[in-house]
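Residue strings, one per chain:
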Amino acid sequence: MPVLGLGTWRMGENARRKPEELDALKYGLDLGYPLIDTAEMYGDGGAEEIVGDALAGRSTRPFIVSKVYPHNASRAGTIAACERSLKRMRLERIDLYLLHWRSGARIEETFEAFHKLKSAGKIGDFGVSNFDLDDMQDAAELDRGLNGTNQVLYCLSRRGPEFDLLPWMRKRSIPLMAYSPLDQGGLLRKASLKKLADDVGCTPAQLALAWLLAQPGVVTIPKSSSRERVKENFAALQVKLTPKVLADLDRAFPPPRTKQPLEML
Ligand SMILES: NC(=O)c1ccc[n+]([C@@H]2O[C@H](COP(=O)([O-])OP(=O)(O)OC[C@H]3O[C@@H](n4cnc5c(N)ncnc54)[C@H](OP(=O)(O)O)[C@@H]3O)[C@@H](O)[C@H]2O)c1
């Protein structure tokens, strides 16, 4: 799976902002972003429609990730939700299809539906989102082949998953897809990050993303509706972090020393 993608939360919510959002996604694809993350929830289907518009007429397309709402994730509901997402994006297949969060879903039914969708070629693989370690253990017991991803809130200012979830996933070769890598912009206002970014010679957003990208088994999906920031974030792939910078980041944003329940937005 590609390690850097475009997020789409908050897209498709307001018709007036659609041209800017579509332009940012198309520009990101032209730059070479290899993955788009979306969900039926975002803009009530509006984000998936913008993704469909951004993909239209392209000879190659990026890796597509989308998600089913838990309240739709029954045996039949998952299949119907996937069909609706495919239609909105005008695609034959979603590469990775996730259960958006666990609460309210009967995961045995969801996984059964995921397997049917996979056999029918409508999804390439499946995974989960917002699953803490105990949820992952339940999921892995139900489905020993589960290795698509677990998409969770993880960034420099929210390092909780490093204590137990990330090591457990690494051991099983399950990639962790870090959402809100910029803490929705909040992280970028931290003076300590700004200072370290100046030392490295990059922007705070690039440093926050490069820190995630430096970690084995971690994928990330920053969202931006601006061409400039889409370009800025893409250049994080070129930022190489020395052991000294990583140690400075650990001092400014200490890793967890005890279990912290998984946070969710
Ligand atoms: N599975 C889940 O439950 C879940 C939950 C949350 C998010 N997600 C996924 O993860 C993606 C990313 O998370 P997110 O959208 O919550 O937050 P994020 O990517 O951490 O931050 C997005 C915010 O930061 C701003 N921004 C982006 N690049 C910037 C830069 N270089 N400099 C300054 N500001 C910048 C954006 O504004 P502009 O648009 O104006 O640039 C936007 O307000 C989502 O879009 C979604 O696809 C999944």
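Below is a short write-up of the structure. Worth saying up front: this structure is predicted, and the values here are computed from it rather than measured. (Residues numbered from 1 in each chain as written. Predicted model: local features only at pLDDT ≥ 70, side-chain atom pairs only at ≥ 80, totals over all residues.)

### Quick look at the pairing of strand β4 (residues 123-129)
Counting buried residues in β4 gives 5 out of 7 residues, a clear majority hidden from the surface. Pairing analysis gives 5 bridges linking strand β3 (residues 94-99) to β4, with the strands arranged parallel. Bridge pairing in β4 links Leu 99 to Val 128. (Buried ≥ 20, exposed ≤ 12 C-beta atoms within 10 Å, placed from the backbone. Helix = DSSP H or I, 4+ residues; strand = E, 2+ residues; numbered from the N terminus. Pairing = 2+ DSSP bridges.)

### Some points on the site of the ligand
With respect to spatial proximity, 27 residues lie near the ligand, and among them Gly 7, Trp 9, Ala 205, Lys 223 and Ser 224 are the closest. Per-element accounting of the shell around the ligand gives the leading share, 3 residues, to helix α9 (residues 227-234). (Near = placed C-beta within 6 Å.)

### Considerations on the environment of Ser 85
If you trace the backbone, Ser 85 turns up in helix α3 (residues 75-89). Judged by the 25 C-beta atoms lying within 10 Å of it, Ser 85 falls in the buried class. Distance in space between the C-alpha atoms of Ser 85 and Gly 52 is 9.7 Å, their sequence separation being 33 residues. In this structure, Ser 85 is in contact with Glu 40, Glu 48, Ser 66 and Ile 94, ignoring residues within four places of it in sequence. (Contact = placed C-beta atoms within 7 Å.)

### Describing helix α2 (residues 46-55)
Burial within α2 is extensive, with 7 of its 10 residues counted as buried. Among the residues of α2, those classed as buried are Gly 46, Ala 47, Glu 48, Glu 49, Ile 50, Val 51 and Ala 54. Contacts made by the buried residues of α2 are with α1 (18-31), β1 (35-37), β2 (63-68) and α3. Positive backbone phi, approximately 80 degrees, marks Gly 57, located one or two places after α2.

### Things to note about the packing of α1 against α2
Orientation of α1 relative to α2, taken along the N-to-C sense of each, is 50 degrees, at an axis distance of 9 Å. In terms of their interaxial angle, α1 and α2 are classed as oblique. Considering only the axes of α1 and α2, their crossing is right-handed. Between α1 and α2, the contacting residues are Lys 18, Glu 21, Leu 22, Leu 25, Lys 26 and Leu 29 on the first element and Ile 50, Val 51, Asp 53 and Ala 54 on the second. By residue class, the composition of the contact of α1 with α2 is 6 nonpolar, no polar and 4 charged. (Axes fitted to C-alpha atoms, helices over the stretch in contact; angles between N-to-C directions. Parallel < 35°, antiparallel > 145°, perpendicular 65-115°, else oblique. Left-handed = near helix turned anticlockwise from the far one by under 90°. Nonpolar A, V, L, I, M, F, W, Y, C, P; charged D, E, K, R; others polar.)

### Details of the nonpolar core
In terms of nonpolar packing, the biggest core is built from 74 residues, with Cys 82, Tyr 97, Leu 176, Ala 178, Leu 207 and Ala 208 touching the most fellow members. It is helix α8 (residues 204-213) that provides the largest number of residues to this core, a total of 8 residues. Those residues within four positions of Leu 176 in sequence are excluded, and the remaining contacts are Asn 150, Val 152, Tyr 154, Pro 161, Leu 166, Met 169, Gly 217 and Val 218. (Core = buried A, V, L, I, M, F, W, Y, C linked by C-beta atoms within 7 Å.)

### Concerning the environment of Phe 234
By the element assignment, Phe 234 lies in helix α9. Considered as a pair, Phe 234 and Thr 60 are 174 residues apart in the sequence and their alpha carbons are 19 Å apart. Every residue in contact with Phe 234, bar those within four places of it in the chain, is listed here: Leu 31 and Tyr 33.

### So, the environment of Val 51
Topologically, Val 51 is positioned in helix α2. Its 31 C-beta neighbours within 10 Å are what place Val 51 among the buried residues. For the pair Val 51 and Ser 173, spaced 122 residues apart in the sequence, the C-alpha separation amounts to 29 Å.

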